[in-house]
Amino acid sequence: METSGPPDPQQSALYADLAVDGAHPDGDGTLTYALPPALAERAERGMLVWVPLRRKWALAVVLRVHADEPAFETRPVQSAVEPPFILDERRLEVGSWLARETASSRFAALSPFLPPGIGASRVEHLRLADPMPGHPPLTPAQERLVTLLEERGESTVESVRAQLGSSLASVIPKLEDLGLIERTVRSADSRGAPRGERFVRLIDPDALPLNSRSAKQRALVEYLLQRRRLSIDGQDPLIPAAEATGRGGADRAAITALIDKGAIEEIVVPGAVAADSEPETLIPVLTPSQADAWRTIEASLASRDSTPFLLHGVTGSGKTEVYLRAVAWCLRHDRGAIILVPEITLASQVVRRFAARFPGQVAVLHSALSDGERAQTWRAIRDGQCRVVVGPRSALFAPMPDLGLIVLDEEHESAYKQDAEPRYHARSLAEHIGATMGATVILGSATPAIETAWRAEQGAIRLLVLPDRVGPGIVDAGGQRRPGTLELPPVEIVDMRLELHRGNPSLFSLPLQETIADTLARGEQTILFLNRRGLATVVLCRSCGHTLLCPWCDIPLVYHGDRGYLLCHRCDHRATPPGRCPDCAGTLNFFGAGTQRVEQEVQRLFPTARILRWDQDTVRRKGSHEALLRQVERHEADIVVGTQMVAKGLDLPLVTAIGVINADTMLHLPDFRAGERTFQLLTQVAGRAGRRGGGSRVIVQSYTPEHYAIQAAARHDYDAFFLEEIDFRRAHRYPPFGRMVRYLVRDAEENRASAAAEEMARRVDLHARRSRVPIEILGPTPAFATRVRGLYQWQFVIRADDLEPLLDGLPAPPGWVVDVDPQSLL
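Now for a look at the structure at hand. Predicted model only: the values in this text are computed from it and were never measured. (Residues numbered from 1 in each chain as written. Predicted model: local features only at pLDDT ≥ 70, side-chain atom pairs only at ≥ 80, totals over all residues. Heavy atoms only, no water.)

Side note on the sheet that holds strand β34 (residues 791-800)
With antiparallel pairing, four strands are arranged side by side in an open sheet as β33-β34-β32-β35. The sheet is open, and its two borders are formed by β33 (776-788) and β35 (816-820), each paired with just one other strand. Across this sheet, the average inter-strand angle for adjacent strands is 20°, counted without regard to direction. In this structure, strand β32 (residues 739-747) lies alongside β35, joined through five bridges in antiparallel fashion. Bridge pairing in β35 links Val741 to Val820. Helix-sheet contacts for helix α23 (residues 750-771) involve β32, β33, β34 and β35, and the interaxial angle to β34 is about 20°. (Pairing = 2+ DSSP bridges. Helix = DSSP H or I, 4+ residues; strand = E, 2+ residues; numbered from the N terminus. Axes fitted to C-alpha atoms, helices over the stretch in contact; angles between N-to-C directions. Contact = heavy atoms within 4.5 Å.)

So, in C-alpha cells, the structure goes:
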C-alpha cells in the first residue's frame, strides 16, 4: 500500500490498513482495522501495533492511515507496541518488494526486520481511562475492578484476576466499551543482564608517570602504544581485555588502576566478538589482480554505486582480503558492512579474521543465539556500537544505520535460499537492499552460480577476476609481506569400475590408499569427503529383498553404528534395528556407505592414524564445529572424514591430500542443478588442499568419470563447465533462460493431495491467461520425496520466459508451499 497523507483532524473515524501476523487469506495478508481515538493521533506508517485476530492478540505493521470507511464492520486496534517501534520507509519498501517476489504475506516479509523476540512473550495490562459521561451504573464486579486500578494504577491482567479471584471475562470488555478502562499489550523485556565483550583503549599514556613502580601497568601501556603505532588507521584500537591480560602482561588490578589514573578506558560492547587469535598488524600487500579489483570496488563505495560485483576468484585467491579492505573503507567513512556466509557453523575462520582486523566492531548475528543474546546484539547494531555484522542469510535484516557494503561469500551456495516463508534468496534480496540503501554489493565465489555468471557475461553485473592462488610470500626489507602465487593442486580421477575389475572392492582405490600413506609419512593431513552420513545407507534382507523403510517417509532408514539405531534423514524418525527380517525372519544385511563406514575402513587400513569424523552427527552441540576445527588446526588429527562441512571455506595449512570417496552421490538426481552442484562441491573440496605450498594431491573416485562436471572440476576449469552447462540450460529453458515457480501441497490422503494439485494448477493457469503471460505447467506429479512425516506430497512447476507480470496476485493460499525461483525441484 502507498503512503497516505496526514489524516484530516476533522474526521472522527480513522482506519488503518495493517500487515497482520497470521492473517493469510488468499492475498497479501493485509486487513483493515479501526483506530481508537487515543491511537489515531499518533498512528503512522511503519508503527508496530497489537490487534485482535481470531480471539488472540497478533502483531501488525501499519501500512496506511486513512479516513475511508470500509464496506464491512471493523475491529479496533488494541494498542501500539510498547516500547514503541517504527519501521523506516526504506525497510517498508524492501518488505513490499519481498512479499511480491516471494508470494508471501506482507507481515511475513516485514517480520525479519522487527526486533528479535518482540512478539514471543507479551503481557496484557489494564489502566483507567477518561470515563464516558453519563455511563450507566456499574455492577459490583465492575466497581471492584475500577477501584483496584484507582489504588494500584496500571496492572497486568493476570495480577488483577488473581487479586479479585475472578476471570473477569465479561467485566473487562464491558468496561472497555464504556471507556472506563484501556487494555494494552506490552512485550516482555528480553534484554536480561547486559553482557558483552570487554575492551580497553589507550587514552593518555602520560597519565602513568615514567617512574611508576608498577611493572604490569607500564607493560600494558607500552603494549597499547605499540598497537597504536601498528594500527591500520592510526587510531587507538579497541583491545580485548583478555588480550590485555595475556599479551599485554597486565592483570585485572593493573587495568583498574590505569582506568582510575585516566590512562585507559574500558568499554563493554554488547554483541561484539573478541578476536581469539593474534591481532592483524601486518596487512598483506595485494597482488596485481587484487589491487585492480579493490580499486574498482573503492570507486563504487565512494560513489554509492549499488551495481553488484561478481568477484570470481579461484580457491585461495584472496577474496577475503578484498572484503576486509572494503569493510575498512566503510568504517573510515562511518558506514556499516554486512558479511554473509552460507552457514554460521562454517564461518569460524571468517569471523576470526574480521574480529582480528576490526576488534570490538564485529557482531555475529544468527538464529542459534539465545533470545536475550540476539536481542542484545540487534540493539548494539542498531545503536552503531557494532558496525560489522557477520552471519548467515538472516543477517541481511540487521538494523545497520548507514549501510555501505554487503558481501555474499560463496554466493553459489544453496543455503542462501530460505526454505520457509518468505522464501527469498539472499542474493536477490542483497541486491535490492543495496539498491535501496545505496550500498555496494559483492558476490564472491570460486564457482559462481550459473545465473550469476550469465548475468556477468551479459553485463548486468560487473565481473572482477582473481585468477591466481595467493601463496605465503615473503616479508621484504621494508617489513611488508610480498605475496607469492601457488599452483592449484593436481586432480586425478579414478574410475571405480576398473578398480572392481582389478579385484579391489574396497571403498578406497589403490591410488587413494597410496596418497593417504604418503601424506601420513610426511606428517601432513588428509581430508576424505563423502556427502552421506551413517554407517550403512540401506538395510535389507537378502532372502526376500525386504528393505527397512521409514514408516512416515517411505525411504530407506540409515544405520548409525555409533548410536546403534536406524535413522530417517528426512524426518528424524529413529528405530532400533530388528534382529531378523520382519517379513521372513531372514538375516538382515547392511549395504552402502556413509561417513561412519569410511571412518571404520580408514581405521582398519591405517591403524596408527588419528582419525576425526566431521559431520552433522558430531556437531550437534553448540560450539562443536569450532572445537573440531581447533583440533584439526592443532594437528590433533591426521585424517578428517567428513561431509560437505569440510568442503567449504576452510583454510587448513597442513592439508595436502584430498580424497573424494564417491563423486556421483548428487550427479544423477532428477534435478536440473545436479551437475552444477557436483562441479561446485568437487572444486571447493579440492581447493582445501595445498593452500601453503606445492606437493598436494587430490583423488576423485567416480563410476561416471566421463561426465563433464567431473572432468571440468578435475581441471579447475570453470569456463569449460559453464559452456557445457549453459548449453544444457538453454536447450531446456532452465534458468537463466526461464523462471519457475514450484507449488507443493501435503495431505495425509494421497488422492486429496492429487486433487488439490490439479485444482491449483487450473487456477494458476487461469491467472496466467488473465495476466496474458504464456506459461508451461509441468505436472502435477508426486514430488521426488513422495511422503514426508506421514504426509503425501504433490507438486507442479510453472515455467515462463518472463515471470514478473505473473507475480501480481499470484495465487498462494494457506497450506501451500509456493517457491518462486526454486533452487531445487526435489
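Some thoughts on unusual backbone geometry
The amide bond that connects Glu421 to the next residue, Pro422, takes the cis arrangement and shows omega of -5°. In this fold, Pro422 is placed in the loop between β16 (403-409) and α14 (426-437). Residues Pro735 and Pro736 are joined by a peptide bond in cis, for which omega reads 15°. Within the fold, Pro736 resides in the loop between α22 (718-732) and β32. If you check the backbone angles, Ala103 has positive phi at about 55° while not being a glycine. Summarising the element assignment, Ala103 is placed in the loop between α2 (89-102) and α3 (106-110). Judged by its relative accessible area of 15%, Ala103 is buried. Here Arg772, not a glycine, exhibits a phi torsion of approximately 60°, which is positive. (Buried < 20%, exposed > 50% of the residue type's maximum accessible area, 1.4 Å probe, protein only.)

Digging into the environment of Ile203
Relative to the assigned elements, Ile203 resides in the loop between β9 (197-202) and α7 (215-230). Taking the C-alpha atoms as reference points, Ile203 and Val221, separated by 18 residues in sequence, lie 9.9 Å from one another. Once residues lying within four places of it in the same chain are set aside, the contact partners of Ile203 are Arg228, Gly262, Ala263, Ile264 and Glu265.

Quick word on the pattern of salt bridges
All chains considered together, the criterion is met by 49 salt bridges. The partner of Asp88 in a salt bridge is Arg91, and the shortest N-O contact between them spans 2.6 Å. Glu676 is the salt-bridge partner of Arg673, the closest N and O atoms lying 3.8 Å from each other. Assessed through its relative accessible area of 4%, Arg673 is described here as buried. (Salt bridge = Lys/Arg side-chain N within 4 Å of Asp/Glu carboxyl O.)

Notes on the sheet that holds strand β18 (residues 462-466)
One open sheet holds the seven strands; their spatial order is β14-β15-β13-β16-β17-β12-β18, and the pairing between them is parallel. Two strands lie at the open edges of the sheet, namely β14 (362-364) and β18, each paired on one side alone. Neighbouring strand axes in the sheet, compared pairwise and without regard to direction, differ in orientation by 20° on average. Judged from the five bridges that link them, β16 and strand β17 (residues 440-445) form a sheet pairing that is parallel. The residue bridging Ile406 from the neighbouring strand is Val441, located in β17. Strands in contact with helix α10 (residues 288-303) are β12 (309-313), β16, β17 and β18; relative to β18, the strand with the most contacts, it is inclined by about 150°.

Topic: α23
Between its first and last C-alpha, α23 extends 31 Å over 22 residues, near the 32 Å set by a 1.5 Å rise per residue. Ala753, Ser754, Ala757, Met760, Ala761, Val764, His767 and Ala768 are the residues of α23 that are buried. For α23, the arc enclosing every buried residue in end-on projection is 145°, short of the 170-degree limit, so these residues lie on one face. Exposed residues on α23 whose side chains face more than 90 degrees from its buried face are Asn751, Arg769 and Arg770. Here the buried face of α23 lies against β32, β33, β34, α24 (804-807) and β35. Arg772 sits one or two positions beyond α23 and adopts a positive phi of about 60°. (Expected span 1.5 Å × (residues − 1). Arc of directions from axis to C-beta.)

Section: the packing of helix α20 (residues 674-686) against α22
Two elements in contact, α20 and α22, have axes separated by 11 Å at closest approach and are oriented at 170°. In terms of axis orientation, α20 runs roughly antiparallel to α22. From α20, Gly675, Glu676 and Phe679 reach across to α22, where they touch Tyr718, Phe721, Glu725 and Arg729. For the contact of α20 with α22, the class distribution of residues is three nonpolar, one polar and three charged. (Parallel < 35°, antiparallel > 145°, perpendicular 65-115°, else oblique. Nonpolar A, V, L, I, M, F, W, Y, C, P; charged D, E, K, R; others polar.)

Considering the packing of α10 against helix α11 (residues 319-332)
Packing of α10 against α11 brings their axes to within 10 Å, and their N-to-C directions diverge by 30°. Classed by the angle they form, the pair α10 and α11 counts as roughly parallel. As for the relative orientation of α10 and α11, their crossing is right-handed in sense. On the side of α10, the interface is formed by Gln290, Trp294, Ile297, Glu298, Leu301 and Ala302, while α11 contributes Glu321, Val322, Arg325, Ala326, Trp329 and Cys330. Per-class residue counts for the contact of α10 with α11 are eight nonpolar, one polar and three charged. (Left-handed = near helix turned anticlockwise from the far one by under 90°.)

What to know about the environment of Asp305
Position of Asp305 relative to the elements: it lies in the loop between α10 and β12. Taking C-alpha positions, Asp305 is 7.0 Å from Ala439, a pair spaced 134 residues apart along the chain. Residue contacts for Asp305: discarding those within four places in its chain leaves Ser300, Ala439, Thr440 and Arg462.

Re the packing of aromatic side chains
Per the counting criterion, the structure on display carries 14 aromatic pairs. On the basis of an interplanar angle of 40° and a centroid distance of 5.9 Å, the ring pair of Phe728 and Tyr734 is categorised as tilted. What makes Phe728 partly exposed here is its relative accessible area of 29%. Members of the aromatic cluster, joined through ring pairs, are Phe679, Tyr708, Tyr718, Phe721 and Phe722. (Phe/Tyr/Trp six-rings, centres within 6.5 Å; stacked < 30°, edge-to-face > 60°.)

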